[in-house]
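Notes for the structure review
This is what each chain is made of:
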Amino acid sequence: MTVRVALLPGDGVGPEVIAEARRVVDALGLPLAWTELPWGSAWYHEHGAMMPDDALDVLGGHDAVLMGAIGDPSVPDDVSLWGSILHIRQQLDLWANVRPARLLDGIPCPLAGRGPADVDMLFVRENTEGEYAGVGGRAHRGLTSEVALETSVFTRGAVERVVRHAFALAEARRGVLTSATKSNASRYGYVLWDEVVEEAAADHPGVRVERVLVDALAARMVRDPASLDVVVASNLFADILTDLAAALQGGMGMAASANVAPGGTVPGLFEPVHGSAPDIAGEGVANPSGAIWSAALMLEHLGETDAAAAVMRALEEVCRDGPRTRDVGGTSSTQAVGDAVVARLSGRR
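Notes on the structure follow. (Residues numbered from 1 in each chain as written. Predicted model: local features only at pLDDT ≥ 70, side-chain atom pairs only at ≥ 80, totals over all residues. Heavy atoms only, no water.)

Attention shifts here to the overall build of the protein. Each helix and strand counted, the protein has 12 helices and 12 strands in total. Since a compact globule built from 349 residues should have a radius of gyration of about 20 Å, the 20 Å found for the protein is in line with a globular shape. For the protein, the distance from the average site of its 28 positive side-chain charges to the average site of its 46 negative ones is 5 Å. (Helix = DSSP H or I, 4+ residues; strand = E, 2+ residues; numbered from the N terminus. Rg over C-alpha atoms; globule rule 2.2 N^0.38 Å. Lys, Arg positive; Asp, Glu negative; His and termini not counted. Charge placed at Lys NZ, Arg CZ, Asp CG, Glu CD.)

Okay, here's the thing in structure tokens:
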């Protein structure tokens, strides 16, 4: 059966890196059909919206979505994000954002004396509510009495499902789950979060659970990253912590992510997390590793585990031996890195 994948290159360097990820997947010779969608900031300027009205129906007709990046200086960030990725996550209920943070051999780490054995974490981010629930408003605009309210939303159901998924992932790894919290100062949402983690822990006796305040956790990621295995956190906390984790694994160009609803029927959305980087768009120097890694996550999610493993082995070998882009110590182009990964895969077929 042919797998249908929606391709959403997006803005800035998105089309450049996603083109390499697509070439890598095509090199596998899988029965896969792409549908390229021209949505993003250019679409917004032409149509007044980041996506068409039937965008969710279009995406829902596919088995997966591979996305590049969304955002352009000509469109306000809140418009571009709430008109695309945040809307997709909420409306398709892609409630788990899974982000591996692993330092690959050959990629420089900003922490002195640290290597691949020290940086191997997996973050599980609640993806539909929390601080990014979109609940709030503004009143008395332009007056000295102007007020803006941003309400965090934590529901037991949403917290429990992401926490239990994180426990399952920890069981399959090194058996340690770290829950990021701020329940010392946040009296309601994070107290509920802590209670749900404690309740779920009773069903996973093989996992060692620790509750760590988010600020202390950020410091620990720098001081002792090897002590962390799986980290589960709210929408905002994981958003911040995973950018720090990306820096530890060599930079934002290395970071991959999966937006999924485990056990559901909606398509997962897979994307590098580096943003659109308009300052280098069109120069052919963006690192495609995060996009290629995201494609591997997509293949794994689709049940193509051998293909996913092959992509990761090829990417790891290229990171080790080169070529590499300038953000990770090399001098090569986006396409040159993609060529090298494709060549490694082609040599195995």
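Additional details are given in the paragraphs that follow.
Right, let's get into the packing of aromatic side chains. Inspection of every chain in the model, using the stated rule, returns 4 aromatic pairs. Plain terms: the ring middles of F154 and W193 are 6.5 Å apart, the flat faces sit at 90° to each other, and that makes the pair edge-to-face. Here W193 lies in helix 7 (residues 189-201) and F154 lies in the loop between strand 7 (147-153) and helix 6 (156-171), a separation of 39 residues in the sequence. Using a relative accessible area of 16% as the deciding quantity, one classes F154 as buried. On the basis of relative accessibility, which here comes to 0%, the residue W193 falls in the buried class. (Phe/Tyr/Trp six-rings, centres within 6.5 Å; stacked < 30°, edge-to-face > 60°. Buried < 20%, exposed > 50% of the residue type's maximum accessible area, 1.4 Å probe, protein only.)

Between its first and last C-alpha, helix 1 (residues 14-26) extends 18 Å over 13 residues, near the 18 Å set by a 1.5 Å rise per residue. Inspection of helix 1 places G14, E16, V17, I18, E20, A21, V24 and V25 among the buried residues, and these make up the whole buried set. (Expected span 1.5 Å × (residues − 1).)

Bringing the pairing of strand 10 (residues 230-233) into the picture now. Alternating residues of strand 10 divide into V230 and V232 and V231 and A233, and every residue in both groups is buried. The sheet contact formed by strand 5 (residues 120-126) and strand 10 spans 4 bridges and is parallel. For V124, the partnering residue across the bridge sits in strand 10 and is V232. As paired strands, strand 8 (residues 176-181) and strand 10 are joined by 3 bridges and run parallel to one another. Paired with T178 across the strands is V231, a residue of strand 10. (Pairing = 2+ DSSP bridges.)

Of the consecutive residues G322 and P323, the connecting peptide bond is found in the cis state with omega at 5°. Mapping P323 onto the fold places it in the loop between helix 11 (305-321) and helix 12 (334-348). Phi is positive for A277, close to 45°, though the residue is something other than glycine.

Reading across the sheet, the 10 strands line up as 2-1-3-12-11-4-5-10-8-9 and stay open at both edges, with mixed pairing between neighbours. In this open sheet, the two edge strands, each paired with only one partner strand, are strand 2 (32-36) and strand 9 (208-213). Strand-to-strand twist in this sheet, taken as the mean axis angle between neighbours without regard to direction, amounts to 20°. For strand 4 (residues 96-102) and strand 11 (residues 256-260), the ladder comprises 3 bridges, and the chain directions are antiparallel. Pairing of A96 across the sheet is with V260, part of strand 11. The sheet contacts of helix 9 (residues 235-248) involve strand 4, strand 5, strand 8 and strand 10, and relative to strand 5 the element is tilted by about 155°. (Axes fitted to C-alpha atoms, helices over the stretch in contact; angles between N-to-C directions. Contact = heavy atoms within 4.5 Å.)

Along the chain, T242 falls in helix 9. Look at T242 and you get buried, because its relative accessible area is 5%. Residues contacting T242, with those up to four places away along its chain left out, are R99 and F123.

On to the packing of helix 6 against helix 7. Running from amino to carboxyl end, helix 6 crosses helix 7 at an angle of 45°, the nearest separation of the two axes being 9 Å. One element, helix 6, and the other, helix 7, form an angle in the oblique class. Helix 7 is crossed by helix 6, and the crossing has right-handed handedness. Of helix 7, the residues touching helix 6 (which contributes R156, V159, E160, V162, V163, R164 and F167) are L192, W193, E195, V196, V197, E199, A200 and A201. A class-by-class count of the residues in the contact of helix 6 with helix 7 yields 10 nonpolar, no polar and 5 charged. (Parallel < 35°, antiparallel > 145°, perpendicular 65-115°, else oblique. Left-handed = near helix turned anticlockwise from the far one by under 90°. Nonpolar A, V, L, I, M, F, W, Y, C, P; charged D, E, K, R; others polar.)

Tracing the chain through its elements places V222 in helix 8 (residues 214-223). A sequence separation of 111 residues divides V222 from L111, and the C-alpha atoms of the two residues are 7.5 Å apart.

All right, on to the nonpolar core then. If you look at the biggest cluster of nonpolar residues, it comprises 110 residues, and the most contacted ones within it are L66, V163 and W193. Considering each element in turn, this core owes the most residues, 9 residues, to helix 11. (Core = buried A, V, L, I, M, F, W, Y, C linked by side-chain atoms within 4.5 Å.)

We now examine the packing of helix 1 against helix 10 (residues 289-301). Where helix 1 contacts helix 10, the axes come no closer than 8 Å and their chain directions differ by 45°. Taken together, the axis directions place helix 1 and helix 10 in an arrangement best described as oblique. Classified by chirality, the crossing of helix 10 by helix 1 is right-handed. Here V17, I18, E20, A21, V24 and V25 of helix 1 lie close against helix 10, whose contacting residues are A291, I292, A295 and L299.

An ideal rise of 1.5 Å per residue puts 24 Å on 17 residues; helix 11 measures up with 24 Å between its terminal C-alpha atoms. Every buried residue of helix 11 is listed here: A307, A308, A310, V311, M312, A314, L315, E317, V318 and C319. The positive-phi residue at the C-terminal boundary of helix 11 is G322, with phi of around 90°.

Keep in mind these numbers describe shape, not what the thing actually does.
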